[in-house]
Amino acid sequence: MLFTIISIAAMVGLDQLTKYWATLALAPDKTAPFLPGIMELRYVLNDGAAFSVFSGKVWGQWFLIAVTSAALLAVLYVLFFKRARLDKLGYAALLLIEAGGIGNLIDRVLNGYVVDFFATTFVDFAVFNVADCFVSVGVVLLAAYYIRSELAAKKARPKAQGAPDEGSGDGR
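Not measured: the values here are computed from a predicted model.

**Q** Can you walk me through the overall build of the chain in this structure?
**A** Of the regular secondary structure elements, the chain holds 4 helices and 3 strands. The buried share of the chain, reckoned over its 172 residues, is 33%. Pairs at least 24 residues apart make up 66% of the contacts formed inside the chain by residues separated by at least 6 positions. Roughly 11000 Å² of accessible area belongs to the chain as shown, and the carbon and sulfur atoms make up 68% of that amount.

**Q** Any chance you could explain the packing of helix H1 (residues 2-26) against helix H4 (residues 130-156) here in plain terms?
**A** The description of two helices packed together rests on the angle between their axes and the distance between the axes. Viewed as axis vectors pointing N to C, H1 and H4 meet at an angle of 140 degrees, and their least axial separation amounts to 8 Å. On the basis of the axis angle, H1 is oblique to H4. Facing H1, whose interface residues are Met11, Leu14, Asp15, Thr18 and Lys19, H4 presents Val130, Ala131 and Phe134. For the contact of H1 with H4, the residue count by class is 5 nonpolar, 1 polar and 2 charged.

**Q** It is not clear to me how the sheet that holds strand S3 (residues 114-120) should be interpreted in this structure. Could you clarify?
**A** Two pairing modes exist for strands in a sheet, parallel and antiparallel, and in both the strands are linked by backbone hydrogen bonds. Spatially, the 3 strands line up as an open sheet ordered S1-S2-S3, and their pairing is antiparallel. The open sheet has two free edges, formed respectively by strand S1 (31-35) and S3, since each of these has just one partner strand. Along the sheet, successive strands turn relative to each other by an average axial angle of 40 degrees, direction set aside. In this fold H1 packs onto S1, strand S2 (39-46) and S3, with an angle of close to 75 degrees to the strand it touches most, S3.

**Q** So what exactly am I meant to see when it comes to the environment of Gly37 here?
**A** The residue Gly37 is located in the loop between S1 and S2 in this model. Considering only alpha carbons, one finds Gly37 and Phe122, 85 residues apart in sequence, at a separation of 6.1 Å. The residues contacting Gly37, other than those within four sequence positions of it, are Thr121 and Phe122.

What counts, and where the lines are drawn
Residues numbered from 1 in each chain as written. Predicted model: local features only at pLDDT ≥ 70, side-chain atom pairs only at ≥ 80, totals over all residues. Heavy atoms only, no water. Helix = DSSP H or I, 4+ residues; strand = E, 2+ residues; numbered from the N terminus. Buried < 20%, exposed > 50% of the residue type's maximum accessible area, 1.4 Å probe, protein only. Contact = heavy atoms within 4.5 Å. Areas by Shrake-Rupley, 256 points an atom, 1.4 Å probe, with all protein chains shown as cover. Axes fitted to C-alpha atoms, helices over the stretch in contact; angles between N-to-C directions. Parallel < 35°, antiparallel > 145°, perpendicular 65-115°, else oblique. Nonpolar A, V, L, I, M, F, W, Y, C, P; charged D, E, K, R; others polar. Pairing = 2+ DSSP bridges.

Right under this line is the structure:
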C-alpha cells in the first residue's frame with residue numbers, strides 16, 4: 001500500500017512540476033522546440049476535457065470534476081482492496097490512470113482549467129500534458145491487461161463435451 005501511495009504521489013508531483021514549469025517558461029503565448037518536426041512546447045489552458053470537449057461550458061467543469069472524482073475513487077478502491085486480483089500489468093495501468101487523473105483534477109479544482117503544453121507538429125492533434133500521457137498509457141495497458149486476461153481465461157476453459165472441434169473438416 002505504501003508503494004502505491006508513493007508511486008501515485010511521485011507521478012502527480014512530476015505532472016504538477018511540469019505544468020508549473022510550462023506556466024513560468026511558456027505563458028502566456030510562447031512556444032519552444034522540443035522534438036523538431038515532431039513536437040513543440042506550447043502553453044495552452046484547457047477548460048474542457050480531451051480535445052476540448054465541454055470547453056467554455058460552466059456546467060462542464062462541474063461535470064468533469066464529478067465524473068473524474070467518481071472514476072478515481074473506483075480505481076483507488078481496486079488498487080487498495082482488490083489488488084490481489086491484478087497482475088503487474090493491471091496494477092501499473094491503474095497506477096498511471098490514477099496519477100494522471102489526480103494531476104488533472106487538481107488543476108480543474110484549483111484553477112478551473114488544465115495546463116497543456118505538448119503540441120505535435122507533424123499532425124494536427126490536441127495539446128496535452130504529462131497527466132494526459134499517464135492516463136493514455138494507462139488505458140492502453142489496461143486494454144492489454146484485459147485482452148491478455150480474456151485470452152488466458154479462454155485458453156483455460158475446457159472444451160464443451162461433445163462439441164465438434166473448430167476446423168474439423170466435416171464440411172458444415
